[in-house]
Amino acid sequence: MKPVVGQRVAKEPCQGCLVGFGPEKIRQDFPALRVTVHGKPLVYLDNAATTQKPQAVLDAVVRYYMQENSNVHRGVHFLSQVATQAYDGARTRVRRFLNAAHDHEIVFTRGTTDGINLVAQSYGRKYLRAGDEVIVTAMEHHSNIVPWQMICDEKRANLKVVPITDAGELRLDEYERMLSDRTRLVAAVHVSNALGTVNPVREMIALAHARGVPVLVDGAQSVSHAPVDVQALDCDFYAFSGHKLFGPTGIGVLYGKAELLEAMPPYQGGGDMISAVTFEKTLYNTLPYKFEAGTPHIAGVVGLAAAIEYVERIGRKQIAAYEADLLAYGTELLSAIPGLRLIGTAKDKAGVLSFVMDGIHAHDIGTILDMEGVAVRAGHHCAMPVMKRFGVPATARASVAFYNTRADMDALAKGIHKAIEVFA
Amino acid sequence: MSDLRELYQQVILDHYKKPRNFQRLDGANRHAEGHNPLCGDQIAVYLHMDGDTIKEISFQGAGCAISQSAASLMTTVLKGKTKAEAEELFAKFHAMVTGDGHGADPMELGKLAVFCGVSEFPVRVKCASLPWHTMRAALEGKDEAVSTE
């Protein structure tokens, strides 16, 4: 069994990592983890696709609809004030969670994809000119490729792609070389959903800033795994989704530095984003409302705030340490399986074990694991260029959250052995 | 395990590991490509039509055991069939894998009956039917790629 560079394997299961909680106790907070699949207990290892929701989030959403439901920023009546308070209070919670400087730098969106499209359509439309360049990495999710292709096509600008190594690590030297006077923006994923690679975003941002280039960080896969401090990173934009952070679907956050957001035109028009409307001229509202047209997903925002509170109670440092241990354990287990090849072996990884097997397609592995109650994703993970880079049509991907245990990893390995048996 | 064995029958695994008629067809006068964007399965089907009859058929592709074995078995049963017979066989095959059999006799499907287990796995129906959709596109002489989406 080859040790994995840079990953520490604890001798004993890291029960104590989740101070005062422990994964078994934590699991009781997640009703969906009690589901049985084909008569077997669910082993949920598809957290990079979406995470399960703790009871506290479900309760917050139900309580909102039962006792607080009203539109925000509109009514003088009691319920509207309660809802507005909950909505604006959630923004403060998100601001603290990301350690942003101001509440008005937090824009509620539908999710990471929506946030990236906002920046592409608003920032990109205003600043991109023919011949300009936008830099992305070779490990982006489609949601951080296609919005840039769309605006680059429109503006006759060029999309540049930073290559990655066979281990799935960014070629930082190539990135540095690609930054030029023509670069208008860098959009990079923090943690790759297909490979698990943690990108050196702090260095990437410093290099871009040295040339006056702003950086958008796709945080969809990072917020749930480790602490994120947007001021320490000094990123210009940071987007994430609520549903990958144990919150509801349909809600997300775009952080943007105030001076950048101020200078950007609105993304969508409608109610709430205006301060005065006549048929001749409309005055736009201030930040962040300028970017929140229409009645927002208030219940989603309330649920997201509850999810953040839950995650903070466990502690993101503890989560990171616990998951690193779990990932190292899983990596060791899977590496020992004959014919299995891990795709994505970066030194710095979070949350993801992507793999292929000799003679067994990922889709078949997915079906066989499912019959064992083990939920993984099989496919291209919305990152087809990554699959192409590694010369595989698809991978099977197990992705962890803090409620997963070493027993879940054992079940995964057992399921893979079952697949080998079926295909023998 | 019993459900799994019903899906991954030995005949299916055999055709997956040793696909029949797996080549480009010299002298093919019809050809179509199909893919499943969900999982990346790819199939190219080649036909040599003699009037209304499939004189020769072959395929190439990459993908899961279900899609590749379905393609392989399809080529073994369609050789010598007329266009109408191929269409009829596809209708029966499709009814079986979607579980919309209405008591269709599996005997009529001959060795294709090994795919009866697919109906228990709704997400895998597309895998089994992709080669057939691609074959039909080739029969129709359509140029654009077939997609299961």
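For the structure itself, consult the block above.
Residues numbered from 1 in each chain as written. Chains lettered and ligands numbered in written order. Predicted model: local features only at pLDDT ≥ 70, side-chain atom pairs only at ≥ 80, totals over all residues.

## Section: the overall build of chain A
Thinking step 1. The helix and strand tally for chain A stands at 14 helices and 17 strands.
Thinking step 2. For chain A, the C-alpha radius of gyration of 22 Å lies close to 22 Å, the compact-globule estimate for 424 residues.
Thinking step 3. By its C-alpha atoms, chain A is 75 × 55 × 35 Å across when sized along the principal axes.
Thinking step 4. Within the span of chain A, comprising 424 residues, buried residues form 51% of the whole.
Thinking step 5. Sequence separation of 24 or more characterises 72% of the internal contacts of chain A that already satisfy a separation of 6 or more. (Helix = DSSP H or I, 4+ residues; strand = E, 2+ residues; numbered from the N terminus. Rg over C-alpha atoms; globule rule 2.2 N^0.38 Å. Buried ≥ 20, exposed ≤ 12 C-beta atoms within 10 Å, placed from the backbone. Contact = placed C-beta atoms within 7 Å.)

## Description of the overall build of chain B
Thinking step 1. Counting its regular elements, chain B contains 5 helices and 4 strands.
Thinking step 2. The helix and strand sequence of chain B, counted from the amino end, reads α-α-β-β-β-α-α-α-β.
Thinking step 3. Taken against the 2.2 N^0.38 rule, which gives 15 Å for 149 residues, the C-alpha radius of gyration of chain B at 14 Å falls within 12% of a compact globule.
Thinking step 4. By principal-axis analysis of the C-alpha atoms, chain B measures approximately 45 × 30 × 30 Å.
Thinking step 5. Burial analysis of chain B (149 residues in total) assigns 43% to the buried set.
Thinking step 6. Long-range contacts, defined here as pairs at least 24 residues apart, represent 61% of the contacts in chain B between residues at least 6 apart.

## So, the sheet that holds strand β3 (residues 53-62) of chain B
Residues and elements named next belong to chain B.
Thinking step 1. The 4 strands lie next to each other as β3-β2-β1-β4, forming an open sheet whose pairing is mixed. The open sheet has two edge strands, β3 and β4 (146-147), and neither has a second partner.
Thinking step 2. Here strand β1 (residues 30-36) runs beside β4; their pairing, made up of 2 bridges, is parallel. Looking at β4, one finds that His35 is bridged to Ser147. (Pairing = 2+ DSSP bridges.)

## Brief notes about helix α2 (residues 55-68) of chain A
All names here are of chain A.
Thinking step 1. Helix length check: α2 (14 residues) gives 18 Å between terminal C-alpha atoms against 20 Å at 1.5 Å per residue, within 8%.
Thinking step 2. Within α2 the residues assigned to the buried category are Val57, Ala60, Tyr64 and Glu68. For α2, the arc enclosing every buried residue in end-on projection is 60°, short of the 170-degree limit, so these residues lie on one face. Among the exposed residues of α2, those oriented more than 90 degrees off its buried face are Asp59, Val62, Tyr65, Met66 and Gln67.
Thinking step 3. Each element contacted by the buried residues of α2 is listed here: α3 (78-98) and α10 (298-314). (Expected span 1.5 Å × (residues − 1). Arc of directions from axis to C-beta.)

## Points about the packing of helix α2 (residues 10-17) of chain B against helix α3 (residues 65-78) of chain B
Two numbers describe a pair of packed helices, the interaxial angle and the distance between the axes.
Residue and element names in this part refer to chain B.
Thinking step 1. Where α2 meets α3, the closest approach of the two axes is 8 Å, and the angle between their N-to-C directions is 85°. On the basis of their axis angle, the class for α2 and α3 is roughly perpendicular. Along the contact surface, α2 presents Ile12, Leu13, His15 and Tyr16, while α3 presents Ala65, Gln68, Ser69, Ser72 and Leu73.
Thinking step 2. Taken together, the residues of the contact of α2 with α3 break down into 5 nonpolar, 4 polar and no charged. (Axes fitted to C-alpha atoms, helices over the stretch in contact; angles between N-to-C directions. Parallel < 35°, antiparallel > 145°, perpendicular 65-115°, else oblique. Nonpolar A, V, L, I, M, F, W, Y, C, P; charged D, E, K, R; others polar.)

## A closer look at the interface of chain B and chain A
Thinking step 1. Taken together, the 14 residues of chain B in the interface contact 14 residues of chain A.
Thinking step 2. Of the residues contributing to the side of chain B that touches chain A, the split by class is 10 nonpolar, 2 polar and 2 charged.

## With respect to the nonpolar core
All names here are of chain A.
Thinking step 1. In this structure, Val215, Val302 and Ile365 are the most contacted members of the largest nonpolar core, which totals 173 residues.
Thinking step 2. Per-element accounting of this core gives the leading share, 11 residues, to α10.
Thinking step 3. If near-sequence neighbours (up to four positions away) are discounted, Val302 is found in contact with Ala60, Val61, Tyr64, Ala86 and Ala90. (Core = buried A, V, L, I, M, F, W, Y, C linked by C-beta atoms within 7 Å.)

## Quick look at the environment of A:Thr367
Thinking step 1. Summarising the element assignment, A:Thr367 is placed in helix α12 (residues 362-371).
Thinking step 2. C-alpha separation for the pair A:Thr367 and A:Arg377, spaced 10 residues apart in sequence, amounts to 9.8 Å.

## Considering helix α5 (residues 125-140) of chain B
Residue and element names in this part refer to chain B.
Thinking step 1. With 16 residues, α5 should reach 22 Å at 1.5 Å per residue; the first-to-last C-alpha distance of 22 Å fits that figure.
Thinking step 2. Burial within α5 is extensive, with 13 of its 16 residues counted as buried.
Thinking step 3. Just downstream of α5 lies Gly141, where phi reads positive at about 75°.

## So, the sheet that holds strand β4 (residues 106-109) of chain A
All names here are of chain A.
Thinking step 1. The strand order across the open sheet formed by 7 strands is β4-β10-β9-β8-β7-β5-β6, and the pairing between neighbours is mixed. On the outer flanks of this sheet lie β4 and β6 (158-162), each paired with one strand and no other. Strand-to-strand, the axes of this sheet are offset by a mean angle of 20°, without reference to chain direction.

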